[in-house]
Amino acid sequence: MRLFTCPCDGQLLHFENSRCEACGENLGYLPEANRLTVVRAEGDALAAEGEEGRWRFCANAQHAACNWLVPADGEEALCLCCRHNRTIPDLSIPENLSLWQRAQVAQHRLFYTILRLDLPRPTKLENPETGLAFDVLADEAMPTGQNVMTGHDSGLITLALAEADDAERERRRTAMGEPYRTLLGHYRHEVGHYYWDRLVQDGGQLEACRAVFGDEREDYGAALQRHYANGAPPDWPMHFVSAYASAHPWEDFAETWAHYLHMIDTVEMARAFGLGIAPKADAAGALAAEIDVNPYREASLDPILEAWVPLTVAVNSLNRCMGAPDAYPFVLSRPVIEKLRFIHALVQSGEAHTAG
Ligand SMILES: [Zn+2]
Ligand SMILES: [Zn+2]
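Okay, so let's go over this structure. (Residues numbered from 1 in each chain as written. Chains lettered and ligands numbered in written order. Predicted model: local features only at pLDDT ≥ 70, side-chain atom pairs only at ≥ 80, totals over all residues. Heavy atoms only, no water.)

The four strands lie next to each other as β8-β9-β11-β10, forming an open sheet whose pairing is mixed. Looking along the sheet, the strands with just one partner apiece sit at the ends: β8 (85-87) and β10 (151-153). Each strand of the sheet is rotated relative to its neighbour by a mean of 30°, with strand direction disregarded. (Pairing = 2+ DSSP bridges. Helix = DSSP H or I, 4+ residues; strand = E, 2+ residues; numbered from the N terminus. Axes fitted to C-alpha atoms, helices over the stretch in contact; angles between N-to-C directions.)

Right under this line is the structure:
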């Protein structure tokens with residue numbers, strides 16, 4: 001994620017801001033230009049400072065769930081992110097509204113990266129077969145006694161609204177013995193399954209992917225049953241980024257994909273802040289890094305990794321000073337780095353941008 005500045009006097013802005021604290025002007029995000037800018041009423045539409053054309057807010061702005069702009073003269077009422085929503089919770093229930101707003105913050109951050117990587121992103125209306133859609137569902141919409149299961153099926157991502165409830169998500173994290181569980185992590189993981197379909201299977205990368213992640217033709221249902229019955233093999237950290245990644249090659253890909261998105265998003269922000277890591281106690285300089293890498297422009301994963309490892313050690317240490325858990329409770333083994341390398345090459349390839 002990048003930082004933004006207001007046209008007023010360079011006031012620093014964040015991705016979700018809808019109003020500048022310095023000048024009081026309303027703000028809207030232009031996804032294609034990747035700019036957050038001042039918008040003012042002009043006739044029956046909005047003018048966006050520094051950008052041609054007539055604009056309006058995405059229809060989800062009425063729910064305080066989106067600050068993105070859409071062309072006022074187009075047919076789409078929803079922005080490039082929100083038009084992928086197939087089902088949303090019943091917003092007349094006040095609790096649902098606040099949980100759904102949180103889910104949308106994560107979903108917009110996911111789409112920021114999808115757009116920066118210029119990955120294929122048809123909606124299910126544009127292409128029922130290869131399109132991407134989201135159902136964000138509350139448990140009360142389910143038959144009695146059933147809970148919504150977060151998951152992916154042929155481009156349809158289901159997110160349990162309950163995962164937006166901090167207490168409930170933390171309860172599940174503890175019950176599952178996971179070191180990390182976030183809404184954004186869920187979105188990044190599930191969309192990893194979608195991009196396996198698009199970029200690996202449809203992109204002619206099956207053999208190359210199997211060489212790195214293993215053979216996904218292994219019975220998926222049986223693999224998950226085994227994982228939940230026996231847990232991960234004791235030596236999983238030598239081979240996988242998480243215990244769950246050891247369940248099946250599809251889960252390994254989705255977990256590693258999510259990690260890759262964590263990395264590039266965080267490295268971009270560290271660069272936006274001009275961060276450099278140079279611990280005085282590190283005489284050998286093993287943890288020194290000038291974080292000046294644009295992860296969206298690097299042909300190789302190496303400069304990203306060289307920034308990532310010192311950055312995560314520093315951020316984890318800062319979190320511990322605040323009594324907070326590690327922001328990045330993971331260790332990247334050599335095989336995991338090779339998997340990340342595969343995903344970096346996959347999203348950087350020209351194929352990724354013409355598929356779908
Ligand atoms: Zn301003
Ligand atoms: Zn929107």
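Right, let's get into a nonpolar patch on the surface. A cluster of nonpolar residues, Leu 12, Phe 273 and Leu 275, forms a patch on the protein surface that exposes about 270 Å² of accessible area. Tracing the chain through its elements places Phe 273 in the loop between α6 (249-272) and β12 (276-277). (Patch = residues over 30% accessible without salt bridge, like charges linked within 9 Å, V, L, I, M, F, W, Y side chains within 5 Å. Areas by Shrake-Rupley, 256 points an atom, 1.4 Å probe, with all protein chains shown as cover. Salt bridge = Lys/Arg side-chain N within 4 Å of Asp/Glu carboxyl O.)

Attention shifts here to the coordination of the zinc ion (ligand 1). Listed as protein donors to the zinc ion (ligand 1) are Cys 6 (SG), Cys 8 (SG), Cys 20 (SG) and Cys 23 (SG); their distances from the metal cover 2.2 to 2.3 Å. Geometry at the zinc ion (ligand 1) is tetrahedral, judged from its four donor atoms and the angles of 99 to 121° they form at the metal. All donors of the zinc ion (ligand 1) belong to a single chain; written as a sequence motif, their spacing is C-x1-C-x11-C-x2-C. Owing to a relative accessible area of 0%, Cys 20 belongs among the buried residues under this scheme. Here Cys 23 falls in the partly exposed class, since its relative accessible area comes to 33%. (Donors = N, O, S within 2.8 Å, 3.2 Å for Na, K, Ca; no water. Tetrahedral: all angles 85-135°; square planar, octahedral: opposite > 155°, others 65-115°. Buried < 20%, exposed > 50% of the residue type's maximum accessible area, 1.4 Å probe, protein only.)

This paragraph deals with the environment of Ala 72. Among the secondary structure elements, Ala 72 is positioned in the loop between β7 (69-71) and β8. On the accessibility criterion, Ala 72 (12% relative accessible area) is buried. Measuring from C-alpha to C-alpha, the distance between Ala 72 and Ala 283 comes to 58 Å, with 211 residues separating the pair along the chain. Ignoring anything within four residues of it in the chain, the contact list for Ala 72 reads Ala 45, Arg 54, Trp 55 and Arg 56. (Contact = heavy atoms within 4.5 Å.)

Let us now look at the nonpolar core. Of all hydrophobic cores here, the largest spans 83 residues; its most connected members are Trp 68, Leu 119, Val 191, Phe 253, Trp 257 and Leu 332. Residues in contact with Phe 253, not counting those within four places in the same chain, are Gly 192, Trp 196, Val 200, Cys 209, Phe 213, Phe 342, Ile 343 and Leu 346. (Core = buried A, V, L, I, M, F, W, Y, C linked by side-chain atoms within 4.5 Å.)

Take the coordination of the zinc ion (ligand 2) next. Only Cys 58 (SG), Cys 66 (SG), Cys 79 (SG) and Cys 82 (SG) from the protein coordinate the zinc ion (ligand 2), and they sit 2.2 to 2.3 Å from it. What the four donor atoms of the zinc ion (ligand 2) show is an angle range of 104 to 116° at the metal, which sorts the shape as tetrahedral. Along the chain, the residues donating to the zinc ion (ligand 2) fall in the pattern C-x7-C-x12-C-x2-C. Residue Cys 58 is located in the loop between β6 (55-57) and β7, and its partner Cys 82 is located in the loop between β7 and β8; the two are separated by 24 residues in the primary sequence.

What follows concerns the pattern of salt bridges. What the rule picks out here adds up to 30 salt bridges. In this structure, the salt-bridge partner of Arg 40 is Glu 25, at a minimum N-O distance of 3.1 Å. In this pair, Arg 40 sits in strand β4 (residues 35-42) while Glu 25 sits in the loop between β2 (12-13) and β3 (26-30), placing the two residues 15 residues apart along the sequence. One salt bridge connects Glu 168 with Arg 171, and the closest N-O pair in it is separated by 2.9 Å. Placement of the pair is Glu 168 and Arg 171 together in helix α2 (residues 166-176), with a separation of three residues, close to one helical turn. One salt-bridge network, held together by shared partners, links Glu 163, Glu 168, Arg 171, Arg 172, Glu 178 and Arg 181.

Turning our attention to unusual backbone geometry. The phi angle at Ala 64 is positive, at roughly 55°, despite the residue not being glycine. Structurally, Ala 64 can be placed in the loop between β6 and β7. Within the chain, Asp 118 stands out as a residue other than glycine whose phi angle is a positive 55°. Following the sequence through the fold, Asp 118 ends up in the loop between α1 (94-116) and β9 (133-137). Accessibility expressed as a relative area gives 38% for Asp 118, which makes it partly exposed.

This part covers the environment of Asn 67. Tracing the chain through its elements places Asn 67 in the loop between β6 and β7. What makes Asn 67 buried here is its relative accessible area of 8%. Measuring from C-alpha to C-alpha, the distance between Asn 67 and Arg 19 comes to 9.7 Å, with 48 residues separating the pair along the chain.

Their axes nearest at 9 Å, the elements α6 and helix α8 (residues 334-348) cross at an angle of 70°. In terms of their interaxial angle, α6 and α8 are classed as roughly perpendicular. Residue-level inspection shows Asp 252, Phe 253, Thr 256, Trp 257, His 259, Tyr 260 and Met 263 of α6 in contact with α8, the latter providing Lys 339, Leu 340, Phe 342, Ile 343, His 344, Leu 346, Val 347 and Gln 348. Each residue belonging to the contact of α6 with α8 can be placed in one class, and the counts come to nine nonpolar, four polar and two charged. (Parallel < 35°, antiparallel > 145°, perpendicular 65-115°, else oblique. Nonpolar A, V, L, I, M, F, W, Y, C, P; charged D, E, K, R; others polar.)

Residues of helix α4 (residues 206-213) that are buried: Cys 209, Arg 210 and Phe 213. Projected down its long axis, α4 carries its buried residues within an arc of 105°, all on one side. Those residues of α4 that are exposed and angled more than 90 degrees off the buried face are Glu 207 and Ala 211. Check the buried side of α4 and you find it contacts α3 (183-201), α6 and α8. In the stretch just after α4, Gly 214 is the one whose phi turns positive, near 95°. (Arc of directions from axis to C-beta.)

Any pair of aromatic rings gets described here by the distance separating the centres and the angle formed by the planes. Summed over the entire model, instances satisfying the criterion amount to 19 aromatic pairs. With a centroid separation of 6.3 Å and 20° between ring planes, the pair formed by Phe 4 and Phe 15 is classed as stacked. Residue Phe 4 is found in strand β1 (residues 4-5), and its partner Phe 15 is found in the loop between β2 and β3; the two are separated by eleven residues along the sequence. Residue classification places Phe 15 among the buried positions, given a relative accessible area of 3%. Ring pairing ties together the aromatic residues Tyr 194, Tyr 195, Phe 213, Phe 253, Trp 257 and Phe 342, which thus form one cluster. (Phe/Tyr/Trp six-rings, centres within 6.5 Å; stacked < 30°, edge-to-face > 60°.)

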